[in-house]
Amino acid sequence: MQTENQTSKIKPADRLASVSEYYFSKKLKEVAQMNAEGKDVISLGIGSPDMPPSEATIQTLCRETQNPDGHGYMPYVGIPELRRSFAAWYKKWYGVELNPNTEIQPLIGSKEGILHVTLAFVNPGEQVLVPNPGYPTYTSLSKILGAEVINYNLKEENGWMPDFDELEKMDMSRVKLMWTNYPNMPTGANATPELYAKLVDFARRKDIVIVNDNPYSFILNDHPLSILSVPGAKECCIEFNSMSKSHNMPGWRIGMLASNADFVQWILKVKSNIDSGMFRAMQLAAANALEAEQEWYDGNNKNYRNRRHLAGEIMHALGCTYDEKQVGMFLWGKIPDSCADVEELTEKVLHNARVFITPGFIFGSNGKRYIRISLCCKDHKLEEALKRIREMK
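Residues numbered from 1 in each chain as written. Predicted model: local features only at pLDDT ≥ 70, side-chain atom pairs only at ≥ 80, totals over all residues. Heavy atoms only, no water.

Draft legend 1. Geometry of unusual backbone geometry. A cis amide bond, omega 5 degrees, links Asn-132 with the succeeding residue Pro-133. Residue placement: Pro-133 occurs in the loop between β3 (127–132) and α5 (136–144). Of the consecutive residues Met-185 and Pro-186, the connecting peptide bond is found in the cis state with omega at 20 degrees. On the secondary structure map, Pro-186 appears in the loop between β5 (175–180) and α7 (193–206). Even without glycine at this site, Asp-207 takes up a positive phi of about 55 degrees. As for its placement among the helices and strands, Asp-207 is situated in the loop between α7 and β6 (209–213). Given the relative accessible area of 69%, Asp-207 is considered exposed. Within the chain, Arg-354 stands out as a residue other than glycine whose phi angle is a positive 60 degrees. Overall, the relative accessible area of 29% leaves Arg-354 in the partly exposed class. (Helix = DSSP H or I, 4+ residues; strand = E, 2+ residues; numbered from the N terminus. Buried < 20%, exposed > 50% of the residue type's maximum accessible area, 1.4 Å probe, protein only.)

Written as structure tokens, this is what we have:
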């Protein structure tokens, strides 16, 4: 009879030592346990839209699912209807011309694009520039793939924009990619034409690739912008976009990237060896969703605007301050000087008020005095969270 654990001598790959389990993966387990104990935690953590996509999108999915010929493998490059819809969407809202046959690659959510782009461009030991604060996956996937992460600072006094004077002094000889994310998560800083023009100029002079992650440009934002609108940007830039946020489709996992034909082909070489195409009915429904008119986005933002007001009240109740000009589906606020540590504050709110709020340190050291509140929560839940926090105070 064998008593010893058979896996006791099995060790994980060395690359796992460079990363830890995703913060939200760990924290949501704790929240789930608290809920199982009947504590009814209100989660204001992740940015998962809780509203549905358009009715026409859902009807298209239901109808196309009934097609007996639509259940086979789909092209790695996505179906033509979806690529054409992405191209029309970029032309209509961003004023950017894209060739649907060569300059667009649909993705199973933009998160996988981070993996594919890094594999396509960065050799082990080469460097990538990652914003601090920034989306943690830029760092974790880079480390898993053997790239060296070099942080560049985003600070409140600079409007959460890159400090180009600081960047100019950095050694770029081993840098291959620079990750940017505007409208910015977690800070809500909006893109400007001037920022994008500076980034394109910087990339061309330094012979690096800018990868702009752009999923938030339709949330509480009157003027969506694309870095690809800058003349010459396609030569040195890749842009991600996602239907998760703009069209309330996070679980569908439909995103895209756009760039020049060579870059897209290099990325496809990686992607085609890792996964297959998405379900045809989902792609056709996504193509329908991309045809939404201004009224659709206005209705979505009316809900977010109401929630934003309540999130602001929560910030005030916690003594936090925030920039009113923020865009996107989060509210980013600075904790009061009287608070010694952001995690001390968020843990107190979690266990005393039963409200989960994200501490800013998970996005980098420049976020250690900030919190982030998600707007992906029904109004009555936000009102209840506000009530609990006021009572906790």
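Draft legend 2. Quick look at the packing of helix α4 (residues 110–121) against helix α9 (residues 261–271). Close contact between α4 and α9 brings their axes to 9 Å; oriented N to C, the two are set at 105 degrees. Compared by their axis directions, α4 and α9 come out roughly perpendicular. Here Glu-112, His-116, Val-117, Leu-119, Ala-120 and Phe-121 of α4 come into contact with α9, specifically with Phe-263, Trp-266, Ile-267, Val-270 and Lys-271. Class assignment for the residues of the contact of α4 with α9 results in eight nonpolar, one polar and two charged. (Axes fitted to C-alpha atoms, helices over the stretch in contact; angles between N-to-C directions. Parallel < 35°, antiparallel > 145°, perpendicular 65-115°, else oblique. Contact = heavy atoms within 4.5 Å. Nonpolar A, V, L, I, M, F, W, Y, C, P; charged D, E, K, R; others polar.)

Draft legend 3. Spatial organisation of the domain arrangement of the chain. Assigned domains within the chain: domain 1 (18–47 + 295–391) and domain 2 (72–290). For domain 1 and domain 2, the distance between their C-alpha centroids amounts to 26 Å. Each partner contributes residues to the interface: domain 1 has 28 residues there, and domain 2 has 32 residues. For the pairing of domain 1 and domain 2, the buried interface totals around 2,600 Å² over both sides, and the portion due to carbon and sulfur atoms is 58%. Interface area lost by domain 1 to domain 2 is led by Tyr-297, Val-327 and Asn-366, which between them contribute 27%. (Domains from an automatic or database assignment. Buried area = accessible area lost by both parts, 1.4 Å probe.)

Draft legend 4. Examining the packing of helix α11 (residues 294–317) against helix α13 (residues 379–392) more closely. Where α11 meets α13, the axes come as close as 10 Å, and the angle between the chain directions of the two elements is 10 degrees. Between α11 and α13, the angle falls in the class roughly parallel. Along the contact surface, α11 presents Asn-306, Arg-307, Leu-310, Glu-313, Ile-314 and Ala-317, while α13 presents Asp-379, Leu-382, Glu-383, Ala-385, Leu-386, Ile-389 and Arg-390. Taken together, the residues of the contact of α11 with α13 sort by class into seven nonpolar, one polar and five charged.

Draft legend 5. Broad picture of the pairing of strand β8 (residues 255–258). Burial of β8 is two-sided: the residues Gly-255 and Leu-257 facing one way and the residues Met-256 and Ala-258 facing the other way are all buried. Sheet topology places strand β2 (residues 104–107) next to β8; four bridges connect them, and they run antiparallel. If you follow Ile-104 over to β8, its bridge partner there is Ala-258. Bridge analysis of strand β7 (residues 237–242) against β8 gives four bridges, and the strand direction is antiparallel. (Pairing = 2+ DSSP bridges.)

Draft legend 6. Focus on the UniProt feature "domain: Aminotransferase class I/classII large" (unreviewed entry) in the chain. In the numbering used here, UniProt assigns the feature "domain: Aminotransferase class I/classII large" (unreviewed entry) to residues 39–389. As a span, residues 39–389 carries 39% helix and 16% strand, and end to end its C-alpha atoms are 15 Å apart. (UniProt positions renumbered as here; feature names shortened; annotations may be inferred.)

Draft legend 7. A look at the layout of surface pockets. Taken as a whole, the largest pocket holds about 540 Å³ of empty space. Lining the largest pocket are 24 residues, and of these Tyr-22, Gly-47, Tyr-135, Tyr-216 and Lys-245 sit closest to its centre. Taken together, the elements giving at least two residues each to the lining of the largest pocket come down to α4 and α8 (243–246). Residue classes in the lining of the largest pocket are distributed as 13 nonpolar, six polar and five charged. For the lining of the largest pocket, the two domains that each supply at least three residues are domain 1 (18–47 + 295–391) and domain 2 (72–290). Each pocket or cavity is described by its volume, and for the second largest pocket that value is around 460 Å³. Tyr-22, Pro-136, Thr-139, Ser-140 and Ile-362 are the residues nearest the centre of the second largest pocket, which is lined by 24 residues in total. Listing elements by their share of the lining of the second largest pocket, those giving two or more residues are α1 (23–36), β3 and α5. With five residues, the single largest contributor to the lining of the second largest pocket is α5. Of the residues belonging to the lining of the second largest pocket, the class tally is 10 nonpolar, 10 polar and four charged. Two domains each donate at least three residues to the lining of the second largest pocket, and these are domain 1 (18–47 + 295–391) and domain 2 (72–290). (1 Å grid on protein atoms, 1.4 Å probe; cavity = no way out; pocket = protein on both sides within 12 Å on 5 of 7 lines; lining within 4 Å. Points joined across faces, edges and corners; volume = space filled by probe spheres on them.)

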